[in-house]
Amino acid sequence: MTPQELKAAFIEELIRVAPDIEADMVGDDDHIQDDLELDSMDVLNLVTALHARFGIDIPESDYPQIATPALAVAYLAKSG
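Everything in this summary refers to the structure shown in the same document. (Residues numbered from 1 in each chain as written. Predicted model: local features only at pLDDT ≥ 70, side-chain atom pairs only at ≥ 80, totals over all residues. Heavy atoms only, no water.)

**What about the environment of Asp30?**
Working step 1: With respect to the helices and strands, the residue Asp30 is situated in the loop between helix 1 (3-17) and helix 2 (40-54).
Working step 2: Each C-alpha atom of the pair Asp30 and Thr68 lies 5.4 Å from the other, and the pair is 38 residues apart in sequence.
Working step 3: The contacts of Asp30, once residues within four sequence positions are left out, are Met25, Asp35, Leu36, Ala67, Thr68 and Pro69.
Working step 4: Only 2.8 Å separates the side chain of Asp30 from the backbone nitrogen of Gly27, close enough to count as a polar contact. (Helix = DSSP H or I, 4+ residues; strand = E, 2+ residues; numbered from the N terminus. Contact = heavy atoms within 4.5 Å. Polar contact = N/O pair within 3.5 Å; in protein donor to acceptor, adjacent residues only side chain to side chain.)

**A short note on the nonpolar core**
Within soluble globular proteins, side chains that are nonpolar generally end up buried alongside one another.
Working step 1: Counting 22 residues, the largest nonpolar core has Leu14, Ile32 and Leu38 as its most contacted members.
Working step 2: Taken together, the elements giving at least two residues each to this core come down to helix 1, helix 2 and helix 3 (69-79).
Working step 3: With five residues, the single largest contributor to this core is helix 1.
Working step 4: Residues contacting Ile32, with those up to four places away along its chain left out, are Phe10, Leu14, Glu37, Leu38, Val43, Leu46, Ile66 and Ala67. (Core = buried A, V, L, I, M, F, W, Y, C linked by side-chain atoms within 4.5 Å. Buried < 20%, exposed > 50% of the residue type's maximum accessible area, 1.4 Å probe, protein only.)

This is how it looks when you write it as structure tokens:
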């Protein structure tokens with residue numbers, strides 16, 4: 001997948017977890033907890049959704065590597 005496709009997929013899963021977030025309002029460097037206000041359960045649900053979509057395990061120690069869309073794209077690109 002291209003970086004743009006990875007970003008679109010990440011945003012799509014993010015919105016499924018937090019439907020009050022609008023895709024066009026999410027910036028590359030928006031932190032999913034600090035800026036987008038996901039709680040720890042939302043983050044866990046996002047990780048589960050990413051696992052289901054991409055077939056990769058994301059250990060808790062790697063959560064900071066998916067904390068923004070830009071970081072997530074880099075993480076998913078190297079993990080996929």
